[in-house]
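Fold and geometry: a report
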Amino acid sequence: MPPRSRWIRFREGDWPPFTELLRRVRLHGCAWALMLFCLWPVLLTVLWYPLARTAARQAHRRFPVQEYPRVTDPFMKRVQDVRAWTALAASCLIFFVYGGDQDLGDLQEQYVLRVTATPWLVLLTAPLIILVVFRMAPASARPRMRSHLASSGRAALWYFGAFTAVPLLFVGMIALTESHQSAFRPLLMLALLVPVFWLLFYVIFCSLTLVPSVFGLSRVHSALPALVTGVLVWELAAVSLAVSGMPPGPVPVQLAAVIGGPASVTAVAWWELSRLRERYGVTFRARDH
């Protein structure tokens, strides 16, 4: 087996202890003195790295990467990456040519909206798509699909519980700190921030495993991630259009920005389904044996 890359090791929760990480960092004595003089960056690193490390280990222990696979090949991954980077470059070009200060605020709001709305749209959309695929599948394949669907449902419920708990803990932290007026208020706020950030790190590392496979739906049917992605991108476009309105620029540019992104994702998803069928024999209907 080839050695795992550093990114794969971090993604799988294989984080070195903080002391070992410090020994690997080779800095000049003046740089260490400057970092110690600016105490806050060092303090934040010492405090948050162990939190992120324990959260990553627990997320990988709860959702191992090898149990949530997705049928991909290198060429398919390159096409997806090219589409994503092209869309990002096009969005940045439109913003720099036609955007203003107000558009920057709208762009930030759209990013927050996508992050918060995507899990809930998946929760509402995925069951309908699963039902259609399940009805199309032959009777002999349904027991296996049903068994994997139960584990995917438990993973989704666990993830959404942790995802919902993050803002609730943050609101509770704000309420407690505002009601506690004393000299120890900063220490209380720092102590209450620890579980909030730990859970936030936990959700992030769970997302690295669960989101690419859409909560393990690839085990139910290999085409489900592409199907859910192709539908979800249009729902996100509709939500962004309803909340933030049209992007800046003339009408042709606006239409290209609104329709081009979802259309390109749908085209890549359709091509992915065709490649899965031709290369890996993935079909929706099959004969009963």
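One can find the structure itself at the top, above this paragraph.
Read on for a plain summary of the structure. (Residues numbered from 1 in each chain as written. Predicted model: local features only at pLDDT ≥ 70, side-chain atom pairs only at ≥ 80, totals over all residues. Heavy atoms only, no water.)

**What about the overall build of the protein chain?**
Counting its secondary structure elements, the protein chain contains 11 helices and 0 strands. Going residue by residue from the N terminus, the α and β elements of the protein chain occur as α-α-α-α-α-α-α-α-α-α-α. Each of the 289 residues in the protein chain was classed as buried or not, and the buried ones make up 32%. Here the protein chain displays about 18,100 Å² of accessible surface, and carbon together with sulfur accounts for 70% of that area. (Helix = DSSP H or I, 4+ residues; strand = E, 2+ residues; numbered from the N terminus. Buried < 20%, exposed > 50% of the residue type's maximum accessible area, 1.4 Å probe, protein only. Areas by Shrake-Rupley, 256 points an atom, 1.4 Å probe, with all protein chains shown as cover.)

**Points about the nonpolar core**
Formed by 42 residues in total, the largest nonpolar core has its most connected members in Tyr159, Tyr202, Leu210, Phe215 and Leu217. Secondary structure elements with two or more residues in this core: α4 (39-62), α6 (101-136), α7 (142-179), α8 (185-210), α9 (217-220) and α10 (224-244). Of the residues forming this core, the biggest block, 9 residues, is contributed by α7. Met76, Ala223, Leu273 and Val282 belong to the second-largest nonpolar core, a separate cluster that totals 7 residues. (Core = buried A, V, L, I, M, F, W, Y, C linked by side-chain atoms within 4.5 Å.)

**Some points on a nonpolar patch on the surface**
A surface patch of nonpolar side chains, about 530 Å² in accessible area, is lined by Trp234, Leu241, Met246, Val251, Leu255 and Ile259. Broken down by secondary-structure element, the contributors of at least two residues to the nonpolar patch are α10 and α11 (251-280). Here Met246 is to be found in the loop between α10 and α11. (Patch = residues over 30% accessible without salt bridge, like charges linked within 9 Å, V, L, I, M, F, W, Y side chains within 5 Å. Salt bridge = Lys/Arg side-chain N within 4 Å of Asp/Glu carboxyl O.)

**Some remarks on the packing of helix α5 (residues 74-98) against α11**
Viewed as axis vectors pointing N to C, α5 and α11 meet at an angle of 180°, and their least axial separation amounts to 11 Å. Overall, the two elements α5 and α11 adopt an arrangement that is roughly antiparallel. Residues Phe75, Met76, Val79, Gln80, Arg83, Ile94 and Tyr98 of α5 touch α11, and the partners they reach there are Val253, Ala257, Gly261, Ser264, Val265, Val268, Trp271, Glu272, Arg275 and Leu276. Split by residue class, the contact of α5 with α11 holds 11 nonpolar, 3 polar and 3 charged. (Axes fitted to C-alpha atoms, helices over the stretch in contact; angles between N-to-C directions. Parallel < 35°, antiparallel > 145°, perpendicular 65-115°, else oblique. Contact = heavy atoms within 4.5 Å. Nonpolar A, V, L, I, M, F, W, Y, C, P; charged D, E, K, R; others polar.)

**Topic: the environment of Met145**
If you trace the backbone, Met145 turns up in helix α7. The sequence separation of Met145 and His221 amounts to 76 residues, and the corresponding C-alpha distance is 7.2 Å. Excluding residues that lie within four positions of it along the chain, Met145 makes contacts with Val133, Phe134, Ala137 and Val220.

**Comments concerning the packing of aromatic side chains**
The tally for this structure, following the rule as stated, stands at 9 aromatic pairs. An angle of 40° between the planes, with centres 5.3 Å apart, marks the rings of Trp120 and Phe160 as tilted. Of this pair, Trp120 sits in helix α6 while Phe160 is found in helix α7, placing the two residues 40 residues apart along the sequence. On the accessibility criterion, Phe160 (6% relative accessible area) is buried. With a centroid separation of 6.2 Å and 25° between ring planes, the pair formed by Tyr159 and Phe163 is classed as stacked. Of this pair, Tyr159 and Phe163 both sit in helix α7, 4 residues apart, which is roughly one turn of that helix. Residue classification places Tyr159 among the buried positions, given a relative accessible area of 5%. Note that Arg62 overlies the ring of Trp158, its terminal NZ or CZ placed 3.8 Å from the centroid. The ring of Phe134 carries Arg142 above its face, with NZ or CZ at 5.5 Å from the centroid. (Phe/Tyr/Trp six-rings, centres within 6.5 Å; stacked < 30°, edge-to-face > 60°. Lys NZ or Arg CZ within 6 Å of the ring centre and 35° of its normal.)

**A short note on the side chain of Ser152**
Here Ser152 shows up in helix α7. Ser152 gets classed as buried once you look at its relative accessible area, which sits at 3%. Polar contacts involving the side chain of Ser152 include one to the main-chain carbonyl oxygen of Phe215, which spans 3.1 Å. Apart from the residues lying within four places of it in its own chain, the contact partners of Ser152 are Phe215, Gly216, Leu217, Arg219 and Val220. (Polar contact = N/O pair within 3.5 Å; in protein donor to acceptor, adjacent residues only side chain to side chain.)

**Quick notes on the packing of α10 against α11**
Remark: α10 packs on α11, axes separated minimally by 8 Å, with the N-to-C direction vectors making an angle of 175°. In this view, α10 runs roughly antiparallel relative to α11, as classed from their interaxial angle. Residue-level inspection shows Ala226, Leu227, Thr229, Gly230, Val233, Trp234, Ala237 and Leu241 of α10 in contact with α11, the latter providing Val258, Ile259, Pro262, Ala263, Val265, Thr266, Ala269, Glu272 and Leu273. For the contact of α10 with α11, the class distribution of residues is 13 nonpolar, 3 polar and 1 charged.

**Brief notes about α7**
Its 38 residues give α7 an end-to-end C-alpha distance of 55 Å, which sits within 8% of 56 Å, the value for a rise of 1.5 Å per residue. All of the buried residues along α7 are Met145, Ser151, Ser152, Ala155, Ala156, Tyr159, Phe160, Ala162, Phe163, Val166, Met173 and Thr177. (Expected span 1.5 Å × (residues − 1).)

**Topic: the environment of Pro138**
In this fold, Pro138 is placed in the loop between α6 and α7. In sequence terms Pro138 and Phe284 are 146 residues apart; their C-alpha atoms lie 8.5 Å from each other.

**Quick word on the side chain of Arg275**
For Arg275, the location among the structural elements is in helix α11. Excluding its chain neighbours within four sequence positions, the residues that come into contact with Arg275 are Asp73, Phe75, Met76 and Tyr280.

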